[in-house]
Amino acid sequence: MKLLQRTITAILPAPMVERMRSETNRWQVRCGACGATQPLWEAGGIRYKKTATASVSATIMACPNCGCLRDAVVERSDG
Ligand SMILES: [Zn+2]
């Protein structure tokens, strides 16, 4: 877990952390270079109480597949 996630799971009550984790797990990060995807939670991200109106957003990630640090797309993984 990344620092932000460790901090949040240490501070917040477990049921809230579970909701946050399951909500985050509906999202994935797709590398802009090679197209590899990984679950947003594993990428260190947290998405909570955001609506589907902003269903795609951009971020920067270090891709575990190609190793490059570049723009990536955060998108719903459940369609
Ligand atoms: Zn990549």
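Structural notes, computed from the coordinates.

The rules we used
- All residue numbers here refer to positions counted from 1 along the written sequence of the relevant chain.
- Predicted model: local features are reported for residues with pLDDT of at least 70 only, side-chain atom pairs are reported and counted for 80 or more only, and whole-chain, interface and lining totals are derived from all residues.
- Neither water nor hydrogens contribute to the side-chain values; these are computed over all heavy atoms in the structure.
- Runs of H or I in DSSP of at least four residues are treated as helices and runs of E of at least two as strands, each being numbered from the N terminus.
- Throughout this description, buried means an accessible area under 20% of the type-specific maximum (1.4 Å probe, protein chains only), exposed means over 50%, and partly exposed covers the range between.
- Whether two residues touch is decided by their heavy atoms; if any such pair falls within 4.5 Å, the residues are in contact.
- Only the protein chains shown count as cover for residues, with accessible areas throughout obtained via the Shrake-Rupley method and a probe of 1.4 Å.
- Think of the arc as the fan of directions from the helix axis to the C-beta atoms.
- Strands were regarded as paired on the criterion that DSSP finds at least two bridges between them.
- Distances up to 2.8 Å from the metal define which N, O and S atoms are donors, and 3.2 Å serves for Na, K and Ca; water is absent from the atom set, so sites may look incomplete.
- Geometry assignment treats four donors as tetrahedral when all angles are between 85 and 135 degrees, treats four as square planar and six as octahedral when opposite donors are over 155 degrees apart and all others between 65 and 115, and treats everything else as irregular.
- Think of a salt bridge as a Lys or Arg side-chain nitrogen and an Asp or Glu carboxyl oxygen that are within 4 Å of each other.

1. Remarks on the overall build of the protein chain
Regarding its fold elements, the protein chain presents two helices and four strands. Reading the protein chain from its N terminus to its C terminus gives the helix and strand order α-α-β-β-β-β. Burial status across the protein chain gives 27% buried among its 79 residues. Across the protein chain, contacts joining residues at least 24 apart in sequence account for 56% of those joining residues at least 6 apart. When the accessible surface of the protein chain is summed, it comes to about 4900 Å², and 55% of that surface belongs to carbon and sulfur atoms.

2. Here's the deal with helix α2 (residues 14–24)
Along α2, the residues classified as buried are Val 17, Met 20, Glu 23 and Thr 24. The buried residues of α2 all sit within an arc of 130 degrees when viewed along its axis, so they share a single face. Of the exposed residues in α2, the ones pointing more than 90 degrees away from its buried face are Ala 14 and Pro 15. Close packing links the buried residues of α2 with α1 (3–11) and β1 (27–31).

3. With respect to the pairing of β1
Of all five residues that make up β1, four are buried, and the element is covered over most of its length. Following β1, the chain reverses through five residues before pairing antiparallel with strand β2 (residues 37–39); Gly 35 in that reversal takes a positive phi of roughly 85 degrees.

4. Quick look at the coordination of the zinc ion
Within the protein, Cys 31 (SG), Cys 34 (SG), Cys 63 (SG) and Cys 66 (SG) serve as the donor atoms for the zinc ion, at 2.3 to 2.4 Å. Seen from the zinc ion, its four donor atoms lie at angles of 106 to 114 degrees, and the figure they make is tetrahedral. One chain supplies every donor to the zinc ion, and in sequence these donors are spaced C-x2-C-x28-C-x2-C. Here Cys 34 is found in the loop between β1 and β2, whereas its partner Cys 63 is found in the loop between β3 (56–62) and β4 (69–76), with 29 residues between them in sequence. The class of Cys 34 is partly exposed, set by a relative accessible area of 36%.

5. Regarding the pattern of salt bridges
Inspection of every chain in the model, using the stated rule, returns three salt bridges. Arg 21 is the salt-bridge partner of Glu 18, the closest N and O atoms lying 3.3 Å from each other. Here the residue Glu 18 and the residue Arg 21 both occupy positions in helix α2, the gap between them amounting to three residues, near one helical turn. Judged by relative accessible area, which is 43%, Glu 18 ranks as partly exposed. Glu 75 serves as the salt-bridge partner of Arg 30, at 3.0 Å between the closest nitrogen and oxygen. With Arg 30 in strand β1 and Glu 75 in strand β4, the pair connects residues that are 45 residues apart, well separated along the chain.

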